[in-house]
Structure formats: structure tokens, C-alpha cells
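One letter stands for each residue in the lines below.
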Amino acid sequence: MNLKNAAVLISGGSAGIGYAIAKTLMDSGARVAITGRDQARLTAAAKELGAFPIQADVSQEADVLRTYKEVLAKFGELDVLVNNAGIGAFKPLVETETAAFERIFATNVTGAMMMGREAAKHFVQRNRGNIINIASTAALRGAPNGTAYYGSKFALRGMTECWRAELRKYNVRVMLVNPSEVITNFAATAGFAQKANDSKLRGQELAHAVKAILEMDDRGFTTELAVFATNPLD
Ligand SMILES: NC(=O)c1ccc[n+]([C@@H]2O[C@H](COP(=O)([O-])OP(=O)(O)OC[C@H]3O[C@@H](n4cnc5c(N)ncnc54)[C@H](OP(=O)(O)O)[C@@H]3O)[C@@H](O)[C@H]2O)c1
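Residue numbers here run from 1 along each chain, matching the order of that chain's written sequence. With pLDDT at 70 or above as the cut-off, local features in this predicted model cover only qualifying residues; side-chain atom pairs require 80 or more to be listed or tallied, and sums for whole chains, interfaces and linings still use all residues.

A. Representation of the overall build of the protein. A count of helical and extended segments in the protein gives seven helices and seven strands. The way it works is that DSSP assigns letters per residue, a run of H or I at least four long becomes a helix, a run of E at least two long becomes a strand, and they are numbered from the N terminus. Ordered by position in the sequence, the α and β elements of the protein form the string β-α-β-α-β-α-β-α-β-α-β-α-α-β. Just to be clear, the radius of gyration here is over C-alpha atoms, and the globule rule we use is 2.2 Å times residues to the power 0.38. The C-alpha radius of gyration of the protein comes to 17 Å, within 12% of the 17 Å expected for a compact globule of 234 residues. On the principal axes, the C-alpha backbone points of the protein span a range of 45 × 35 × 35 Å. Going through the 234 residues of the protein one by one, you find that 42% of them count as buried. Contacts are defined on C-beta atoms placed from the backbone: any two residues whose C-beta positions lie within 7 Å are in contact. For the protein, contacts bridging at least 24 residues in sequence account for 68% of all contacts bridging at least 6. Neighbour counting defines burial: a residue surrounded by 20 or more other C-beta atoms within 10 Å of its own C-beta is buried, one with 12 or fewer is exposed, and intermediate counts give partly exposed, using backbone-placed C-beta atoms.

B. Summary view of the site of the ligand. Near the ligand you find 30 residues, and of these Gly12, Gly16, Arg37, Asp38 and Gly86 are the closest. Contributing elements (two or more residues each) for the shell around the ligand: helix H1 (16–27), strand S2 (31–36), helix H4 (98–126) and helix H6 (186–190). A total of three residues in the shell around the ligand trace back to one element, the largest contributor, which is H1. In terms of residue class, the shell around the ligand is built from nine nonpolar, 16 polar and five charged. Near residues are defined by distance alone, with the backbone-placed C-beta atom required to lie within 6 Å of the molecule or strand. Amino acid classes used here: Ala, Val, Leu, Ile, Met, Phe, Trp, Tyr, Cys and Pro are nonpolar; Asp, Glu, Lys and Arg are charged; the rest, including Gly, are polar.

C. Expanded view of the nonpolar core. Defined on buried residues, the nonpolar core groups Ala, Val, Leu, Ile, Met, Phe, Trp, Tyr and Cys residues joined through C-beta atoms within 7 Å. Ranked by size, the top nonpolar core spans 61 residues in total, and within it Val8, Ile21, Val32, Ile34, Val82, Leu206 and Val210 carry the most contacts. For this core, the leading source of residues is H4, giving seven residues. Excluding anything up to four places from it in sequence, Leu206 contacts Ile17, Ala20, Ile21, Val177, Pro179, Val182 and Val227.

D. Fine view of the environment of Thr230. Inspection of the secondary structure assignment puts Thr230 in the segment after strand S7 (224–227). C-alpha of Thr230 to C-alpha of Ala100: the two residues are 130 residues apart in sequence and 33 Å apart in space.

E. Representation of the pairing of strand S6 (residues 172–179) within the structure. Burial within S6 is extensive, with eight of its eight residues counted as buried. The handedness of the strand S5 (residues 129–134) to S6 crossover, carried by helix H5 (residues 147–167), is right-handed. Of the pairings in the sheet, the one linking S6 to S7 comprises four bridges and is parallel in character. Each bridged residue has a counterpart across the sheet, and for Pro179 the counterpart in S7 is Val227. For crossovers, right-handed means that the path from the first strand over the helix to the second runs clockwise, given strands pointing away from the viewer. At least two DSSP bridges between two strands are required for those strands to pair.

F. Geometry of the sheet that holds S6. Read across the sheet, seven strands follow the order S3-S2-S1-S4-S5-S6-S7 without closing on themselves; strand pairing throughout is parallel. The sheet is open, and its two borders are formed by strand S3 (52–55) and S7, each paired with just one other strand. In this sheet, neighbouring strand axes are inclined to one another by 15° on average, regardless of whether the strands run parallel or antiparallel. Sheet topology note: the S5/S6 ladder contains six bridges and is parallel. Bridged to Ile134 within S6 is Val177. Inter-axis angles, ranging from 0 to 180 degrees, are taken between N-to-C directions of lines fitted to C-alpha atoms, where helices are fitted over the stretch in contact. With respect to the sheet, H1 is in contact with strand S1 (7–10), S2, strand S4 (80–83), S5 and S6, its orientation differing from that of S2 by roughly 170°.

G. Examining helix H7 (residues 203–215) more closely. Multiplying 1.5 Å by the residue count of a helix minus one yields the expected span of that helix. Compared with the 18 Å implied by 1.5 Å per residue over 13 residues, the 18 Å span of H7 between its first and last C-alpha is a close match. When we look at burial in H7, the residues that qualify are Gly203, Leu206, Ala207, Ala209, Val210, Ile213 and Leu214. Around the axis of H7, the buried residues are gathered within 160° of arc, so they sit on the same side. In H7, the exposed residues that point more than 90 degrees away from the buried face are Ala212 and Glu215. Each C-beta atom gives one direction from the helix axis, and the arc is the one those directions make.

H. Geometry of the pairing of S2. Judged by how many residues are buried, S2 sits mostly within the fold: six of six residues are covered. Bridging between S1 and S2 involves four bridges; their strand directions are parallel. By the bridge assignment for S2, Leu9 is matched with Ala33. The parallel pair S1 and S2 is bridged by H1, and the resulting crossover is right-handed. As defined by bridge partners, S2 adjoins S3 across four bridges and the pair is classed as parallel. Pairing of Gly36 across the sheet is with Gln55, part of S3. Taken together, S2, helix H2 (residues 39–49) and S3 constitute a β-α-β crossover, and its handedness is right-handed.

Right, dumping it as C-alpha cells:
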């Protein structure tokens, strides 16, 4: 697709990977709307980027429906959903609290499903569109302390395959991007310390990957893409 003038919605675009994707796509001429829960952070990010802010929590159905009302009122159409909003929590199974588990799934799975569903309604009607789900290398194999987060990303990967199977006949390209560790606020928000060094991935590398897979001619698409740091000295 041609990104020039494309209408793009990025959930969780007010920080981290989503912010970097917003910047790269805007630099390529796209019109971009970003969402996030924290109004102050969202407003500041949208101002820096020149993006359209929509204050919304993907885990709240009313917010999701309003997000699509606002983005379609602003752009008149939508070409791309980047389903990026996500949070983490890492505990051994025996210490996993149901409420904490459900909180992760509410954003990473139910939220992604509702955002994807509303985009798909629009894309089916237009007979074209693009959905990029940002999962993780946590969607590829399990690990200790991963019940909630890894489980949620496996679920997102599973949903991606189902949406792809349903939506290809409407010319909708459903793609999965699996970042390895990226330096963002994610770790701090999830309650663990991240060793930041210059060899680890930044949001920009993921933004590069997203731009590249979108720009492929519409007759083709990348089903799934994992992005690792070349030599992440820890
Ligand atoms: N960083 C990594 O190492 C890494 C690796 C693999 C995959 N990922 C995935 O990449 C995605 C982005 O992560 P990141 O590292 O960029 O994290 P981040 O820096 O913490 O940014 C997360 C973004 O999502 C928003 N968000 C969180 N929950 C939301 C909700 N319920 N509704 C709407 N927006 C919400 C945040 O804004 P508010 O808090 O204001 O809502 C923020 O804009 C996530 O899906 C994450 O699982 C990250």
C-alpha cells in the first residue's frame, strides 16, 4: 500500500513502540490517530507528533466504539489498525492472582479483539484494509512467570490466524509483529527493572518493520514477523 494520506489508527500510540510507529508512519505521509488512557500523556504525544488523539481504554467496549466514531469522523475512512496497546505482569503460576490475570487479558486479548472487530466491520464493507497486531516473542514459546502475559500473547497470535482466515477474501491483510525486548516504559509499568543499553531494540526498529510490511504491494502480505536485537548485551 501507499502510506501517503493513508488513515491509520494506533492503539497505545502515546508512548513506546506505538509512538515510534506513529512517528514513522506520519513521516511517510499517513494521517494517524493515537489512543491511550492517560489524557496528559496522550495530549503531549499527539502534539509532538501532529497526530489525532483519542482518549480511550481498549478494555472498555464503550471506549472502543467511541474510538471508531471519532476516527471515522476525523478521517472519513480507515486503512490501517495497529493493535498495539498492551501491558504486562509477570508472576509464577502459584502466585498469579485472578484479578491481575484478568486485567492483562482485558487489555491484551479482549481489547485487541474489540479493536480488531470494529476495524474489520469497516474493512469488510470497503473490501480492503490492514490489521497489524503487535504480539511479542512471548507468543512463540512459554517461559517461567509468563502465565498472564505469554498466555495473552499466544491468544492474540491465535486470534490473528483466525482473523486472517476470515478476512483474506475481503482483501484484508492481517499481520502479526512479534518484538523481542524493546526499551520502553513497558518493564517499569509491569513492575520489573529493564537493563537499558544501546544494543537493545528501540521503538524505531519496530516502526521500521511495520512500515516495511505495510508498504508491500497489496497483492501480498507478511503473515508474521519477529524482530530481535542483533546482539543485546545484557
Ligand atoms: N517493550 C517490550 O519489550 C515489548 C516486547 C514485545 C512486545 N511488546 C508489546 O508492544 C506493545 C507496546 O508496548 P510498549 O513497550 O510500547 O509499552 P509502553 O511503552 O508501556 O506503551 C504502552 C502504550 O499502550 C497504552 N495502553 C496501555 N494499556 C492501554 C489500554 N487498556 N487502552 C489503551 N491504551 C493502553 C499506553 O498508554 P496509557 O497507559 O496511557 O493507556 C501506552 O501508550 C504491547 O502490546 C507490548 O506487549 C513490548
